[in-house]
Amino acid sequence: MKRIIPAVMAIALAVPMAAQAADNKTPYLSTQAATEWRMANYLGQPVVNSEGEKIGKIYDVLFSKEGHVKTVVIGVGGFLGMGSKLVAVPFEVVTYGEKDGNRVITAAITKESLKTAPVFTLTEKTTMDKVRDKAGAMAEKAGKKASELKEQAVKKIDEYSKKPEKQED
């Protein structure tokens, strides 16, 4: 029994030490490299074709479970977000550079090919998508309830507005 306690204590002490040793090897960074783009500044950026025509905006970026960027989703067409569709292309199709001190995202895609490109469907919902869906469902339910209450109010007004007929003596 006495031999078990020192063995358990040795294991208990070794586990935190191993975790600490592994953590000391993590290569922490302190500054963004000049060649790196923040995703927050990338989303929503215009995409131009080889002729310099704006063909859409970066809508989303998909990456593998291994952390490799695989797909760029571009929102194309429409006006103020209405009537637009999503088109996805492999990450390698899009190039990144600078022109006149501004970042430029280019894809060798014509506007005509985008019109016939298949609509891309995202299957994973973001937290914002879930909130938007829930808000839409709640708004629909509230609209139905408001309509019911309006109908009830109209009936009550009709009931109260009817004058009782005078009885003759």
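None of these values were measured; they are calculated from a predicted model. (Residues numbered from 1 in each chain as written. Predicted model: local features only at pLDDT ≥ 70, side-chain atom pairs only at ≥ 80, totals over all residues. Heavy atoms only, no water.)

A. Expanded view of the layout of surface pockets. Of the pockets and cavities examined, the second largest pocket occupies roughly 270 Å³. Considering the residues around the second largest pocket, the lining is formed by Asp60, Val61, Leu62, Phe63, Phe120, Thr121, Leu122, Thr123, Glu124, Lys125 and Thr126. Taken together, the residues of the lining of the second largest pocket sort by class into five nonpolar, three polar and three charged. (1 Å grid on protein atoms, 1.4 Å probe; cavity = no way out; pocket = protein on both sides within 12 Å on 5 of 7 lines; lining within 4 Å. Points joined across faces, edges and corners; volume = space filled by probe spheres on them. Nonpolar A, V, L, I, M, F, W, Y, C, P; charged D, E, K, R; others polar.)

B. Focus on the sheet that holds strand S3 (residues 69–76). What the six strands build is an open sheet, ordered S4-S3-S2-S1-S6-S5; its pairing is mixed. If you trace the sheet from one side to the other, it starts and ends with strand S4 (85–90) and strand S5 (94–99), each paired once. Recorded for the sheet is a direction-independent mean angle of 45° between the axes of neighbouring strands. (Pairing = 2+ DSSP bridges. Helix = DSSP H or I, 4+ residues; strand = E, 2+ residues; numbered from the N terminus. Axes fitted to C-alpha atoms, helices over the stretch in contact; angles between N-to-C directions.)

C. Molecular detail of the packing of aromatic side chains. Per the stated rule, a full pass over the model turns up four aromatic pairs. Seen from their ring centres, Trp37 and Tyr96 are 5.7 Å apart, and the 80° between their planes marks the pair as edge-to-face. Of this pair, Trp37 sits in the loop between helix H1 (4–23) and helix H2 (39–42) while Tyr96 sits in strand S5, placing them 59 residues apart in sequence. Overall, the relative accessible area of 26% leaves Trp37 in the partly exposed class. Judged by its relative accessible area of 32%, Tyr96 is partly exposed. Aromatic ring contacts, followed pair by pair, group Trp37, Tyr42, Phe91 and Tyr96 into a single cluster. (Phe/Tyr/Trp six-rings, centres within 6.5 Å; stacked < 30°, edge-to-face > 60°. Buried < 20%, exposed > 50% of the residue type's maximum accessible area, 1.4 Å probe, protein only.)

D. Examining the environment of Ala107 more closely. Within the secondary structure layout, Ala107 lies in strand S6 (residues 102–107). Through-space distance from the C-alpha of Ala107 to that of Glu51 is 9.9 Å; in sequence the pair is 56 residues apart.

E. Region of the structure containing the nonpolar core. Counting residues in hydrophobic clusters, the biggest one holds 16 residues, and the most contacted among them are Tyr42, Val47, Ile58, Val72 and Val94. Listing elements by their share of this core, those giving two or more residues are strand S2 (54–63), S3, S4 and S6. For Ile58, the contacting residues outside a window of four places in its chain are Tyr42, Leu43, Gly44, Gln45, Val47, Val72, Val73 and Ile105. (Core = buried A, V, L, I, M, F, W, Y, C linked by side-chain atoms within 4.5 Å. Contact = heavy atoms within 4.5 Å.)

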